[in-house]
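A look at the structure
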Amino acid sequence: MSLRIFHIVFITISTLLSLALAAWEYGNYRLFGGAHMFGALASVVFAIALVVYGIWFWKKAKQLIL
């Protein structure tokens, strides 16, 4: 497996884990309230940033000859 493919897989897994954390934090917010909503929102923002970075990296990696 090339480093480029590993990087794409790692970004994808990180995005999915961030979305799972957001869902878990939102569930905790519904049960307990408090600052769990901040954790859920931060996880969603991080997931969006990872998607943007993944698209940027995919386009950049196409131009590289590795």
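Refer to the preceding data block for the structure.
Quick summary incoming for the structure in this document. (Residues numbered from 1 in each chain as written. Predicted model: local features only at pLDDT ≥ 70, side-chain atom pairs only at ≥ 80, totals over all residues. Heavy atoms only, no water.)

Some thoughts on the packing of aromatic side chains
With the rule as written, the count across this model stands at four aromatic pairs. Ring centres 6.0 Å apart and planes at 25° place the aromatic pair Phe6 and Phe10 in the stacked group. Of this pair, Phe6 and Phe10 both sit in helix α1 (residues 3–32), four residues apart, which is roughly one turn of the helix. Since its relative accessible area comes to 49%, Phe10 is described here as partly exposed. Put simply, the rings of Tyr53, Trp56 and Phe57 pair up and form one aromatic cluster. (Phe/Tyr/Trp six-rings, centres within 6.5 Å; stacked < 30°, edge-to-face > 60°. Helix = DSSP H or I, 4+ residues; strand = E, 2+ residues; numbered from the N terminus. Buried < 20%, exposed > 50% of the residue type's maximum accessible area, 1.4 Å probe, protein only.)

Looking at helix α2 (residues 36–63)
With 28 residues, α2 should cover 40 Å at 1.5 Å per step; its first-to-last C-alpha distance of 41 Å lies within 8% of that length. All buried positions along α2 are accounted for by Gly39, Ala40, Ser43, Ala47, Leu50, Gly54, Phe57 and Ala61. Elements in contact with the buried residues of α2: α1. (Expected span 1.5 Å × (residues − 1). Contact = heavy atoms within 4.5 Å.)

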